[in-house]
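Structural characterization, general
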Amino acid sequence: MVRLAGFLAISLFLLPALAVARSSGPARSTVTFIVIHTIGGPSCQDSSVVYPPIKGDAKEWMDYFIKDEVLGIHYVIDRDGQTLAGIPENQIANHAKGSNATSIGIELVNDGDGSDPFPLEQISALVKLLCRLRSSYSISVDDIKGHSEVDNRMCRCGSSSFKKKVDPGTAFPWQKVREAVFACSLAKPKAGNSDANPRPSSSIGSLSRSKPGVWLQALESTRLRTSCPHSPTSPGP
Ligand SMILES: [Zn+2]
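Every value quoted in this text rests on a predicted model; they were computed, and no experiment measured them.

Reading guide: rules and limits
Residues numbered from 1 in each chain as written. Predicted model: local features only at pLDDT ≥ 70, side-chain atom pairs only at ≥ 80, totals over all residues. Helix = DSSP H or I, 4+ residues; strand = E, 2+ residues; numbered from the N terminus. Contact = placed C-beta atoms within 7 Å. Buried ≥ 20, exposed ≤ 12 C-beta atoms within 10 Å, placed from the backbone. Pairing = 2+ DSSP bridges. Axes fitted to C-alpha atoms, helices over the stretch in contact; angles between N-to-C directions. Parallel < 35°, antiparallel > 145°, perpendicular 65-115°, else oblique. Left-handed = near helix turned anticlockwise from the far one by under 90°. Nonpolar A, V, L, I, M, F, W, Y, C, P; charged D, E, K, R; others polar. Core = buried A, V, L, I, M, F, W, Y, C linked by C-beta atoms within 7 Å. Expected span 1.5 Å × (residues − 1).

Looking only at helices and strands, the protein features six helices and 10 strands. In the protein, of all internal contacts separated by at least 6 residues, the share reaching a separation of at least 24 is 77%.

Okay, the pairing of strand S1 (residues 33–38) next. Here S1 lies mainly inside the structure; five of its six residues are buried. Across six bridges, S1 lies against strand S6 (residues 103–108) in parallel orientation. Paired with isoleucine 36 across the two strands is isoleucine 106, which belongs to S6. Relative to strand S7 (residues 144–146), S1 runs parallel, the two being bridged by three bridges. Directly across from valine 35, in S7, lies its bridge partner lysine 145.

With that settled, consider unusual backbone geometry. Cis geometry is found at the peptide bond from aspartate 167 to proline 168, where omega equals 10 degrees. Locating proline 168 in the fold gives a position in the loop between strand S9 (160–163) and helix H5 (174–182). One non-glycine residue, serine 47, adopts positive backbone phi at about 65 degrees. Inspection of the secondary structure puts serine 47 in the loop between strand S2 (43–45) and strand S3 (48–50). A positive phi is found at serine 138, a non-glycine position, where the angle reads about 55 degrees. Here serine 138 is to be found in the loop between helix H3 (120–137) and S7.

For helix H2 (residues 58–67), the full list of buried residues reads Ala58, Lys59, Glu60, Trp61, Met62 and Phe65. Residues of H2 that are buried in the fold lie against strand S4 (75–77), strand S5 (83–85) and S6.

A few words on the packing of H3 against H5. Interhelical geometry of H3 versus H5 gives an angle of 45 degrees and a closest axis separation of 9 Å. With respect to their mutual orientation, H3 and H5 come out oblique. Seen along the crossing, H3 lies across H5 with a hand that is right-handed. Listed contacts from H5 to Ile123, Leu126, Val127, Leu130, Cys131 and Arg134 of H3 are Lys176, Val177, Ala180 and Val181. Taken together, the residues of the contact of H3 with H5 sort by class into eight nonpolar, no polar and two charged.

Grouped together as the largest cluster of nonpolar side chains are 35 residues, with contacts concentrated most on Ile34, Tyr75, Val76, Ile77, Ile106 and Leu130. The set of elements that each furnish at least two residues to this core consists of S1, H2, S4, S5, S6 and H3. Here this core gets seven residues from one element, more than from any other, and that element is H3. Residues within four places of isoleucine 34 in sequence aside, it is in contact with Ser103, Ile104, Ile106, Leu130, Leu133, Ile139, Asp143, Ile144 and Lys145.

Relative to S9, strand S8 (residues 154–157) runs antiparallel, the two sharing four bridges. If you follow methionine 154 over to S9, its bridge partner there is lysine 163. Here S8 folds back onto S9, and the loop between the two strands holds two residues, one of which, glycine 158, carries a positive phi near 65 degrees.

Look at H3: 25 Å from first C-alpha to last across 18 residues, which is about the 26 Å you get at 1.5 Å a residue. All of the buried residues in H3 are Gln122, Ala125, Leu126, Lys128, Leu129, Leu130, Cys131, Arg132, Leu133, Arg134, Ser136 and Tyr137. With its phi angle positive at about 55 degrees, serine 138 sits one or two positions after the end of H3.

Take glutamine 82: it is sitting in the loop between S4 and S5. A C-alpha to C-alpha distance of 6.2 Å links glutamine 82 and alanine 58, two positions 24 residues apart in sequence.

Rendered as C-alpha cells:
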C-alpha cells in the first residue's frame, strides 16, 4: 500500500491524456491489489451455459467501457498486445463487485472459456503493465487476483447453476505470469518507455477491425435470459 501522491506526479507526466478519460467513481488514495478479467464469460442461453466468442480489439472494447453507464475499467489488453488506459488509476472503476475500492482492473480480450489461448503478445503486454503497477504501488504477486477469486456468486441456468465469474479461466498461464512479474525489477520505469506506459484510448484512432456490435447485441439478449441479475451492483462483462 503506497500513497498515490508521488506516483500521480509521475503518472500525470507519463500519461497526460488520462485526464480526459471517463470516471465511474470517486477519487481514492490507495491501491492494494489488481484484478485480471477476460471480456468473455459464461452466460445462460436456452438452459445451457455458453461462452459467446469474443471479437474486437482494445480500442473497440475500451470504447465499449467508456460508453457504458455502469461498467468501468482501468486497462484493456487485446490479443495483439495493444494496451489502452481508461479510467485513471486514482479513481475507482466498477469492474468487480465488492472489490473495486482499492483495486485496479485489467480486461483481457479473450473468450474466457478455458480454451481460447492467450497469445504471447497479450501476456507480454500484461506482464509489462503488471510490473509497472507492482513497482508503483508495492503490490505483491499474491495480490494479483483473478476475478473468479474475488466473486463467488452463482447463477441459475435451467435446472442447474453455474459460477458467474470464472475469469480469467483455466487457459490463463498464472504460473508463467507470476514468475515473470516476480522477476520484475522494482525500479520505476523510465519516462518515454512506451512499452511500460499504455496509450490512453483517446489517442488511438486507426485500429478498427471487426466490430463487436453484433456480438454485444447477442450478449445483451442472453443476459436477459439468465436468472442472474445484471445491475449497477453486479458489474462485469
Ligand atoms: Zn471479470
